Amino acid sequence: MTADGHDAVTGGPERIIEARGVVKSFGPTPALRGASMAVNRGEIVAVMGPSGSGKSTLLHCLAGILTPDVGEVWFDGRRLDTLSEDRRSDLRRDRFGFVFQSGQLIPELTAAENVAMPLLLSGVRRGRALAEAGPWFGRLGLDGLEQRRSGELSGGQAQRVALARGLVARPEVLFADEPTGSLDSLSGELVMRLLSAAAREHGTTVILVTHDARVAAYARREVVVRDGAVTSLTGVAP
Amino acid sequence: MLSGMSVPLTLLGLLEREPSHGYDLKRDYDSFFGRGKPLSFGQVYGTLSRLSRDGMAIAGPAEHGEGPERKRYAITRQGSAEVEKWLAEPAAPEPHLQSVLFAKVVLALMLDRPAARYLDRQRAAHLQRMRELTEQVQQGGVLDTLLADYGLYHLEADLRWIDHTAARLDMLAQEVRR
């Protein structure tokens, strides 16, 4: 791969992650009925669809949190869904980042410790992890809030801390599930501006689940999930 | 009320259902699309004669009966292609589209055409426009944002309508088919 995310051999965009015919049921209820989508390295893609369409399940399958009943998930040229739980867990820690709807910061820790958490889990020493977390506060407009705990942050601030935590380890893919879902529209807009700017700067691939068209408009393209499948117009990476 | 361009194409679409007299077309138009703003007979007959002149429709022989003489109009192959093109092509995403989108959906269902696919295309066109405006928001100043936001909120409202409609297509189809 070249630095700009293009395949060194073909010169075309490089496919980083792909779901092929994924079927996933919870008990008797099918959530995905053969969903396929592919994302190129460095792309920001929105996964949209009504509640219950299966879009979060698709995100969880792509991220290796869930494994499909039928179908395949590929990441960086290798099958992801057939890896052991431990290997998938390593992959999630080392190469993926996550942002969820309502921050889910650890309330006992300071904002800086929360941001540093993925580095600490990867075995980076505390001093260095906190030093790497530091610049994210300036970058995301959070200067001076490093020592606050989550209860002392507004919703928008907490979500920006969660975004810093998702990006601090320089993941190749950031999975964001309704990252502005609990925010008012202005705070949500700020989070999305920062998210898309940071992703572009670092070449991070972003898979963004949202039902909100204004949020989806930050993505380069959208994939629409309906009744557990990706509608035919949108699933394939250009 | 439908925009100027929609009336001829909607009448043409109604002709695709079955060859009709002007009177029946007006009645069907008014009940499905007029929504309290009925077409005048002059408008219907004027439109039909223009459609015939342009090769979209063809008039049968005059029928003599009680009252004025009547002609039955039928859609031509070219007319059908024109209806298909209009339905399949997303309207330019701009505010106040409701009447055009409404007419397209109802007609597509009547004619048993893939309304869901048309809506998906419209949805994609709307989102593409929202992406362009969002790009302006990210690069521009506060005034640019203010202007872009106006467009974004209107497009978002359209999109919600598109989603709701897409979810109700089966129900709508039962209502408009016969």
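All values derive from a computational prediction rather than experimental measurement.

Peer 1: Which parts of the structure should I look at to understand the confidence of the model for chain B?
Peer 2: Predicted coordinates in areas of low pLDDT are best not read in detail. Residues of chain B with pLDDT of at least 70 account for 91%, and the chain-wide mean is 88. Scored as a complex, the prediction yields pTM 0.79 and ipTM 0.81.

Peer 1: Mind showing me how you'd approach helix 7 (residues 142-167) of chain B here?
Peer 2: Since the α-helix packs 3.6 residues into each turn, any two residues three or four apart lie on the same face. Its 26 residues give helix 7 of chain B an end-to-end C-alpha distance of 36 Å, which sits within 8% of 38 Å, the value for a rise of 1.5 Å per residue. Restricting attention to buried positions, one finds in helix 7 of chain B the residues Leu152(B), Leu155(B), Asp158(B), Leu159(B), Ile162(B) and Ala166(B). Contacts made by the buried residues of helix 7 of chain B are with helix 7 (213-216) of chain A together with helix 6 (115-139) and helix 8 (169-176) of chain B.

Peer 1: Just checking my understanding: could you explain the packing of helix 5 (residues 98-110) of chain B against helix 6 of chain B for this structure?
Peer 2: When two helices pack together, their arrangement is captured by the angle between the axes and the distance separating the axes. All names here are of chain B. Relative orientation of the contacting elements helix 5 and helix 6 amounts to 155°, with a least axis distance of 9 Å. Our classification of the angle between helix 5 and helix 6 gives roughly antiparallel. Listed contacts from helix 6 to Leu-101, Lys-104, Val-105, Ala-108 and Leu-109 of helix 5 are Ala-115, Tyr-118, Leu-119 and Gln-122. Here the contact of helix 5 with helix 6 is built from residues that sort into seven nonpolar, one polar and one charged.

Peer 1: I'm lost on the sheet that holds strand 5 (residues 78-79) of chain A in this one. Help?
Peer 2: Backbone hydrogen bonds are what pair the strands of a sheet, in a parallel or an antiparallel way. All names here are of chain A. The strand order across the open sheet formed by four strands is 2-1-4-5, and the pairing between neighbours is antiparallel. A single partner strand is all that each edge strand has here, and the edge strands are strand 2 (29-40) and strand 5. For strand 4 (residues 70-75) and strand 5, the ladder comprises two bridges, and the chain directions are antiparallel. From the neighbouring strand, Phe-75 faces strand 5, where its bridge partner is Arg-78.

Peer 1: Mind showing me how you'd approach the nonpolar core here?
Peer 2: In a soluble, globular protein the nonpolar side chains are often hidden away together inside. Counting residues in hydrophobic clusters, the biggest one holds 109 residues, and the most contacted among them are Val47(A), Leu58(A), Ile207(A) and Leu208(A). It is helix 5 of chain B that provides the largest number of residues to this core, a total of eight residues. Split by domain, the residues of this core number at least three in each of domain 1 (1-88) and domain 2 (90-178) of chain B. Excluding anything up to four places from it in sequence, Val47(A) contacts Lys55(A), Leu58(A), Leu59(A), Ile207(A), Leu208(A), Val209(A), Val223(A) and Val225(A).

Conventions we followed
All chains use their own residue numbering, which begins from 1 and follows the written sequence. Working convention: letters from A go to chains and numbers from 1 go to ligands, in the order in which they are written. Side-chain atom pairs in this predicted model are given and counted only at pLDDT of 80 or more, local residue features only at pLDDT of at least 70, and totals for whole chains, interfaces and linings cover all residues. Per-residue confidence from the predictor is reported as pLDDT, a score between 0 and 100. Only runs of H or I of at least four residues qualify as helices and only runs of E of at least two qualify as strands under DSSP, and these elements are numbered from the N terminus. Expected helix span is computed as 1.5 Å times (number of residues minus one). With C-beta atoms placed from the backbone, a residue counts as buried when 20 or more other C-beta atoms lie within 10 Å of its own, as exposed when 12 or fewer do, and as partly exposed for counts between those limits. By definition, residues are in contact whenever their C-beta atoms, placed on the basis of the backbone, come within 7 Å of each other. Between N-to-C directions, angles span 0 to 180 degrees; the directions come from axes that are lines fitted to C-alpha atoms, helices contributing only their stretch in contact. Orientation labels follow simple angle bins: below 35 degrees gives roughly parallel, above 145 gives roughly antiparallel, 65 to 115 gives roughly perpendicular, and whatever is left gives oblique. Ten residues, namely Ala, Val, Leu, Ile, Met, Phe, Trp, Tyr, Cys and Pro, are considered nonpolar, four, namely Asp, Glu, Lys and Arg, are considered charged, and the remaining ones, Gly among them, are considered polar. Pairing between two strands is assigned when DSSP locates at least 2 bridges connecting them. Structurally, a nonpolar core is described as a collection of buried Ala, Val, Leu, Ile, Met, Phe, Trp, Tyr and Cys residues joined by way of C-beta atoms within 7 Å. Where each domain starts and ends follows an automatic or database-derived domain assignment.

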